[in-house]
Amino acid sequence: MVFNSWTFIVFFLIVLLLHHLPFSWKVKKFNLLVASYIFYAAWNPPFVVILWFTTVVDWFMARQIAKTDRIGERRFYLIVSLVANLGLLGFFKYGAFLLESFVGVANFAGFDFHPAAPSIVLPIGISFYTFVTLSYTIDVYRRVIPPSRSFLDYAMLVTFFPHLVAGPILRAESFLPQCVEPRQADRRQMGWGWALIVIGLFEKVVLADGMLAPVADQVYGAVARAGTAEAWLGTLAFSGQIFFDFDGYSLCAIGAAMCLGFAFPDNFRFPCAAVGFSDFWRRWHISLSTWLRDYLYVSLGGNRKGPVRTYANLMLTMLLGGLWHGASWRFVIWGGLHGTYLIAERGLRGLFPRPVKVPRPGRWSQLRLIPLALLTYFLVLITWVFFRAHSVGDAFRILKKMFSVVPGGLGLGAFSAAVVLIVTAGTLIWHWCVRDSSLEQVFARCPWWLTAIIFAILIWAIATAPGDNRAFIYFHF
Amino acid sequence: MPSSISISNDRLWPAPWLRTWITSVAIAVVLIGGWEGFWRARGFVPRRNDDVGWWAQERGKVYAGGTRSVVLLGSSRMQLGFDTRVFAQKTGIQPIQLAIDNDPGVDVLRDLANDANFNGTVVCELMEKYLVWIGQDSDSSQANQWLRDYHASNVFSRFEWRARGLAQTSLAFRLPDLSLQNLVTNLRQRRLPSSEPFYIAMNPDRSKSADYARTDLDRLKAFHEADVQEEFAHLPQLSPAEFFTRSKLLTVWVAAIEARGGRVIFLRFPSSGVIWQLENGRFPRPEFWDPLIKVRKLTAIHFAEYDTLKDFTCPDGTHLDYREAAPFTAAVTEIMLQKQLLPVNASR
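Just so it is clear, the model here is predicted, and its values are computed rather than measured.

Undergrad: Describe in detail the pairing of strand β1 (residues 70-73) of chain B, supporting the description with residues and values.
TA: All names here are of chain B. Of the two faces of β1, the one carrying V70 and L72 and the one carrying V71 and L73 are both buried. Sheet topology note: the β1/strand β3 (residues 121-125) ladder contains four bridges and is parallel. Bridge pairing in β3 links V71 to V122. Of the pairings in the sheet, the one linking β1 to strand β2 (residues 96-97) comprises two bridges and is parallel in character. Bridge pairing links V71 to I96 in β2.

Spelled out as C-alpha cells, the structure:
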C-alpha cells in the first residue's frame, strides 16, 4: 500500500475516523498498531513475522540491559541485539550480494565455483525498522533513555505506519514521550498535516513520476545509445526524481503522522542549496545521516582520535551508509565518493581555518556563495550516476559520455529536455531562496486565500497526472 | 532527539485552516470538473487502460467455467484477430482474453500449465519465432511482470486495481491522449488533442478491434515491415533441429493441462505481403511448423492449411481488420467445432 493509491486514501480515512472516536488512549494506540501491521501486511503478510521478531528481540534485550549495571552483561545483551538485527539485514539484504562477490573473487582466483543463485526476497522497510530498534537498544545501553514501560508504546515506535517502510527513522527519545498522553490533531496540525500530504503527493506523482522518471529511465535504460547531452539530461532528471520521490514520501509520512497528532522529524531541508558536503548531509535524508553520525561515526571515535582516524571514520561511515542503500558495489562507490568529498572538505577547512560564513538570509552577500552551492550540486550529481545506473560499468559509461562529446542516439525530444531543465532550474532557485527557511514559514506569509488556490492547483495536478504508478525509490532499500 | 533535527509541529502557525481547506477543495472540484467537462465536450470518452489490473481481473476468471473455460493467449494478433463476440455466439462460451500486446503469450501458457486449478481450453497464438526465446523467462517481459503481480496480489492490490479501473472508465482526463506531454506537443502546433478515435478500439473484454480505414495504411505497413525486418536481423538463427529441441517445453505444458482434462489449441494467425515472406523465408513451414506439430502431436490450426482461412489478408501485414476478424473467427471456430476441440456442449 503506497501513499499515492486509492487504497491508502481509504485506509487512512478509516484510521483517522477511528482515531477520533471516543475510545480510551490505550485502545486508540492499539488501533494504530493493528492498522500499522495491516499496512505492512499489504505488501507481503509473512514478513510481519520478521518485523515482530525484531520488535520482540529488542524489547527484551533493552529490558535486560537496563536491569544490570555490569558492563560485561550489558554489552552481551547489546551484542545479541546487534547480531539479531544486523544478521537479519545481512541475510535478507546482503546474502545474495556477498555470495556473488565471493563467487567473483573465487573465479578470479582460478576456482570454478558456480553455486545456485539464492532466491531471497527483501522484506520491505527492513533497513528502516531495524535501524529504529537498534537505536532504541543503543540508547538504553548508553543510558540516554530508560527502557519503555509499555510494550504497546514501543511497538508503536517500531511499527507506526507513516514511517514504517521508508522513514523518517524515528528515535525513541522523541517518539515514546508522545505516546504517554492522548494525542489528537488540533486544527493547525490537521490543516498543515493534509497540506504536507498534498505537497508530498504532488512531488511524487507529478514531478518525480510524471516529469522526470521517464527521461531518467530512457537514458539509463539505453546507456549505449545515449549521447553527451542525453547523459546529462538523464542524470539531472534522476537527481530531481530521487529528491522529489523521497522528499515527497517523507512529507506524506510527516503529514499523516501530524493528522494523527504525532510529531515526526524533518527528513529534508532544501538540499539542492547546500554549500559544501557537511551542509548537504545536514539537509539530505537527515534522519539517516544523524543516525549514522550518532550510532556509527561517534561509536567509531568520531573526530576525537586525531585527523587520520577522523578521516577513516568518515570514510567507513559513508561506505557503510552507501551499502545500507543497496547490496551493490554501485552504492559502495556512491558512499565512497561522499566520504571522499567530506574528507576533502575537512582537509580544506584545515588549510583555510577561517570558516566560510554563510551570511544571514536576505543579504546580497549570499550571492557569492552560489558558485560553491552549484559546485556542491555538481559533485553530488556525479554520485547519482552510480546510484541510478544498472551496473558499475554502465555508470562509468555514462560518466564518460558526460565528459566527452558523443552525439545523441535516443531521440530525447525538446519537450523532455525543456521539462528537465525547467524543473531543475526551478528547484535550484526555490531551494536557494528558502534554504534558511521552512515550508511553514513560507506558507505562514501567504494569505489564506492564496494558500487555498495553491493547494487547489496541486490537487488538480495530482488528479490529472498520468497514472504511471511507480513504487517509491526508497522502498527498494 | 538531537537539537539539530527540527520538527514540523514546532513551526505551526495559527491560520484559518477549515476555511482554507473548504475553499481549496471547492476550487479543486471546480477545476477538475471543468477540466473533465472541457474534454468531454470535445468528444473524449473514458476508456480502460490495458494494464496489469485489468489483465489480473481477467486472469482470475479462468477457473469459474472449469473445463468449459476457454482462454485466449498470444499477442496483439490474438487481441485484434479473434472476435470474441462471434466465438461466443457460435459456441455459447464467452472466452477470457489474456493476450498481451507485444508479448508472445508462452509465459502465460507456462503459468496456466503450472496452475493445478486450471483445466479449461487454451487457444494459444503460436508463431515459429516465439520458440527462439521459449523458456528463457525474461524478468523484464510484460507477461512475467504481470504474472508476478497477479500471483503476489492480495485484497489490497485487487481493490487498488478496481479503483483505478473505475477512475479510468469514469474520467476522460485520465486518458493517455490527454497527458501533459501530448497536450504540450499539440499546443506547440496551436491545436488541442483530437478526439478522433484511434484506429484501434479497446473492447470491454480486453479484445481489440482495428479499423484500418481510419489510419495511414501505407505508413503503418512500412512501419511494421521495418520493425519485423529489424527483429529478424537480431533474431538468433535456429536450425530445425534446435527449434525442435526447444519446442519440447510446449509438449510439457500441453501435457500438464491435458492431464487435468483441459486442452491446448495452437493457432497460427495470417500474415501478409512482405512480412509473410520474411516469416516463411526464415521458418519455412515444411521444415519448422509441420514437423513441430506432427512429431510433438500438438493440436494446431495454421491459416495456410485451410481454404476457409488462407485468403484473409492483414492490411498492415500482421493484424486483421475488424471486418476480417469476424469471418476469420467464425471460420476458425467452425474448424474447432468440426474437430471437436472445444469443450463438450459447445453449440453448433
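This is not the end of the story, as more comes after the structure.
Undergrad: A description of the environment of A:Y377 should follow, citing residues and the corresponding values.
TA: Residues and elements named next belong to chain A. Looking at the secondary structure, you find Y377 in helix α15 (residues 370-388). Owing to a relative accessible area of 13%, Y377 belongs among the buried residues under this scheme. Sequence separation of Y377 and A35 is 342 residues, and the distance between their C-alpha atoms is 40 Å.

Undergrad: With reference to specific residues and values, describe the environment of A:G322.
TA: All names here are of chain A. Among the secondary structure elements, G322 is positioned in helix α13 (residues 307-325). Classification of G322 as buried rests on a relative accessible area of 0%. The spatial distance from the C-alpha of G322 to the C-alpha of G335 is 4.1 Å, given a sequence separation of 13 residues. The residues touching G322, leaving out its near neighbours within four places in the chain, are F331, W334 and G335.

Undergrad: Could you give an account of the sheet that holds strand β6 (residues 263-268) of chain B, with specific residues and numbers?
TA: Sheet architecture is open: five strands sit in the order β2-β1-β3-β6-β7 (chain B), paired in parallel fashion. Here the strands that pair on one side only, and so sit at the sheet edges, are β2 and β7 (299-302) of chain B.

Undergrad: How would you explain empty space enclosed by the protein if you had to name every residue and give the values?
TA: Residue and element names in this part refer to chain A. Inspection of the entire model under this criterion finds four cavities of 30 Å³ or more. Within this model, the largest cavity holds a volume of roughly 120 Å³. Lining the largest cavity, in full, are S239, F243, P271, C272, A274, F280, W284, T376, Y377, V380, L381 and W384. The element that contributes the greatest number of residues to the lining of the largest cavity is α15, accounting for five residues. Here the residues of the lining of the largest cavity are counted per class, giving 10 nonpolar, two polar and no charged. In this structure, the second largest cavity occupies an estimated 70 Å³ of space. Lining the second largest cavity we find L236, S239, G240, F243, F244, C272, Y377, V423, T424, T427 and L428. Counting only elements with at least two residues in the lining of the second largest cavity, the list comes to α10 (228-259) and α17 (414-433). Broken down by class, the residue content of the lining of the second largest cavity amounts to seven nonpolar, four polar and no charged.

Undergrad: Before we move on, can you summarise helix α4 (residues 71-108) of chain A with the specific residues and values?
TA: Compared with the 56 Å implied by 1.5 Å per residue over 38 residues, the 45 Å span of α4(A) between its first and last C-alpha is markedly short. Of all bends in α4(A), the biggest is about 65°, found at A:Y94.

Undergrad: Give me the interface of chain A and chain B: which residues, what numbers.
TA: Listed as interface residues are 56 residues of chain A and, on the opposing side, 38 residues of chain B. Of all residues in chain A, A:R188, A:F415 and A:W448 bury the most surface against chain B, accounting for 17% of the area lost on that side. Across the chain A-chain B interface, the total number found is two salt bridges. For the salt bridge of A:E440 with B:R11, the shortest nitrogen-to-oxygen distance reads 2.9 Å. Scanning the region where chain A abuts chain B turns up 11 residue pairs in polar contact (both at pLDDT 80 or more). Among the elements that take part in the side of chain A that touches chain B, helix α19 (residues 448-464) of chain A stands out by supplying 12 residues, more than any other. Classifying every residue of the side of chain A that touches chain B gives 36 nonpolar, 12 polar and eight charged.

Undergrad: Could you give an account of the pairing of β6(B), naming the residues involved and the relevant values?
TA: Residues and elements named next belong to chain B. Burial analysis of β6 places five of its six residues in the buried class, which makes it a mostly covered element. By the bridge criterion, five bridges tie β3 to β6 in an arrangement that is parallel. Residue pairing across strands places V123 opposite I265, the latter belonging to β6. When β6 meets β7, the two strands line up parallel, connected through four bridges. Across the sheet, F266 pairs through a bridge with A300, a residue of β7.

So, how was this worked out
Residues numbered from 1 in each chain as written. Chains lettered and ligands numbered in written order. Predicted model: local features only at pLDDT ≥ 70, side-chain atom pairs only at ≥ 80, totals over all residues. Heavy atoms only, no water. Buried < 20%, exposed > 50% of the residue type's maximum accessible area, 1.4 Å probe, protein only. Helix = DSSP H or I, 4+ residues; strand = E, 2+ residues; numbered from the N terminus. Pairing = 2+ DSSP bridges. Contact = heavy atoms within 4.5 Å. 1 Å grid on protein atoms, 1.4 Å probe; cavity = no way out; pocket = protein on both sides within 12 Å on 5 of 7 lines; lining within 4 Å. Points joined across faces, edges and corners; volume = space filled by probe spheres on them. Nonpolar A, V, L, I, M, F, W, Y, C, P; charged D, E, K, R; others polar. Expected span 1.5 Å × (residues − 1). Bend = angle between axes of the 7 residues up to and from the residue. Buried area = accessible area lost by both parts, 1.4 Å probe. Salt bridge = Lys/Arg side-chain N within 4 Å of Asp/Glu carboxyl O. Polar contact = N/O pair within 3.5 Å; in protein donor to acceptor, adjacent residues only side chain to side chain.

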